[in-house]
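Chains, contacts and geometry: an overview
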Amino acid sequence: MRRSIEELRTFYGEPAGALVRRLLARRLDDAWGEAVNCDVLGLGYATPWLDAFVGARRQVAAMPGAQGVEHWPSVGKNRTLLVNERSLPFPAGSFDRVLLVHALEESDDAQALMLEAVRILAPAGRIILVAAARGGLWARSEATPFGHGRPFTRRQMEQLVRAAGLEPTAWSQ
């Protein structure tokens, strides 16, 4: 069962959530930088990080139906939508960058979700997957969103990525 949008928003508004936001923002900046002239999709609960992609041509937040949806950004036109994660409403090759946060570990079918993410990825695009690590401290606490759903080992994540036709290039914990 997915964490609700209210639970996620509450966690990321607390001190522990703020720490996760900062740590992940640093990793994303190292991996993608500003994503100038890129179309960026956040899938799951990625809104705390999407504003960081300065110069992006388009940023969209797609949130699974069971999770719920929030208005984002807080100022300007809403760029979020509620989606069926097995059938994303975007044409093939629509996004240069896809960021999955709290998407895989609570999905009913992580492989189907990965295949959809790859389908909408541009040929030279890149995906970043953020999921709970099976042996990680965050996955051991139900007080965090990472303590719910199915955590992954590095090997399991690698197999999931390769089964979707991608080659992993970097890892971080």
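To keep things clear, this report deals only with the structure shown in the data block. (Residues numbered from 1 in each chain as written. Predicted model: local features only at pLDDT ≥ 70, side-chain atom pairs only at ≥ 80, totals over all residues. Heavy atoms only, no water.)

A closer look at the overall build of the chain
Regarding its fold elements, the chain presents 5 helices and 5 strands. For the chain, the sequential pattern of α-helices and β-strands runs α-α-β-α-β-β-β-α-β-α. By the compact-globule yardstick of 16 Å for 173 residues, the chain fits well, its C-alpha radius of gyration being 15 Å. Each principal axis of the C-alpha distribution contributes one length, and for the chain these read about 40 × 40 × 30 Å. (Helix = DSSP H or I, 4+ residues; strand = E, 2+ residues; numbered from the N terminus. Rg over C-alpha atoms; globule rule 2.2 N^0.38 Å.)

Things to note about unusual backbone geometry
Excluding glycine, residues mostly carry a negative phi; peptide bonds, for their part, are mostly trans. With an omega dihedral of -10 degrees, the bond running from Trp 72 to Pro 73 counts as a cis peptide bond. Among the secondary structure elements, Pro 73 is positioned in the loop between β2 (58-64) and β3 (80-83). At Asn 37, a position not held by glycine, the phi torsion is positive, near 60 degrees. With respect to the helices and strands, Asn 37 occurs in the loop between α2 (15-32) and β1 (39-44). At His 102, a residue that is not glycine, the phi angle is positive and equals roughly 50 degrees. The residue His 102 is located in the loop between β4 (95-101) and α4 (110-119) in this model.

Re the packing of α4 against helix α5 (residues 154-163)
Axis separation between α4 and α5 bottoms out at 9 Å; the angle between their running directions is 50 degrees. When the axes of α4 and α5 are compared, the pair comes out oblique. Like other packed secondary-structure pairs, α4 and α5 cross with a definite hand, here right-handed. Across the interface between the two elements, Ala 110, Gln 111, Met 114 and Leu 115 from α4 touch Leu 160, Val 161 and Ala 163 from α5. For the contact of α4 with α5, the class distribution of residues is 6 nonpolar, 1 polar and no charged. (Axes fitted to C-alpha atoms, helices over the stretch in contact; angles between N-to-C directions. Parallel < 35°, antiparallel > 145°, perpendicular 65-115°, else oblique. Left-handed = near helix turned anticlockwise from the far one by under 90°. Contact = heavy atoms within 4.5 Å. Nonpolar A, V, L, I, M, F, W, Y, C, P; charged D, E, K, R; others polar.)

Notes on the side chain of Ser 94
If you trace the backbone, Ser 94 turns up in the loop between β3 and β4. Overall, Ser 94 belongs to the buried group, its relative accessible area being 14%. Beyond its immediate chain neighbours, meaning those up to four positions away, Ser 94 contacts Asp 39, Arg 58 and Ile 120. (Buried < 20%, exposed > 50% of the residue type's maximum accessible area, 1.4 Å probe, protein only.)

Points about the sheet that holds β2
The strand order across the open sheet built from 5 strands is β3-β2-β1-β4-β5, with neighbouring strands paired in parallel fashion. Looking at strand neighbours, the two that pair on one side only are β3 and β5 (121-130), the edges of this open sheet. Neighbour-to-neighbour, the strand axes of the sheet open up by a mean angle of 20 degrees, direction not taken into account. For β1 and β2, the ladder comprises 5 bridges, and the chain directions are parallel. Bridging from a neighbouring strand, Val 40 pairs with Gln 59 of β2. In the packing of α4 onto the sheet, the strands contacted are β1, β4 and β5, and the crossing angle to β5 comes to about 140 degrees. (Pairing = 2+ DSSP bridges.)

A closer look at the pattern of salt bridges
What the rule picks out here adds up to 11 salt bridges. Of the charged contacts in the structure, one is a salt bridge between Arg 2 and Glu 85, with a shortest N-O distance of 2.6 Å. Placement of Arg 2 in the segment before α1 (5-13) and of Glu 85 in the loop between β3 and β4 is noted, with a sequence separation of 83 residues between them. Here Arg 2 matches Glu 85 in class, with each residue buried. One salt bridge in this structure joins Arg 58 and Asp 39, with 3.5 Å as the shortest N-O distance. Taken as a pair, Arg 58 in strand β2 and Asp 39 in strand β1 lie far apart in primary sequence, 19 residues in all. When its relative accessible area of 32% is taken as the criterion, Arg 58 is described as partly exposed. Three or more residues are tied together by salt bridges with common partners; here these are Asp 39, Arg 57, Arg 58 and Asp 96. (Salt bridge = Lys/Arg side-chain N within 4 Å of Asp/Glu carboxyl O.)

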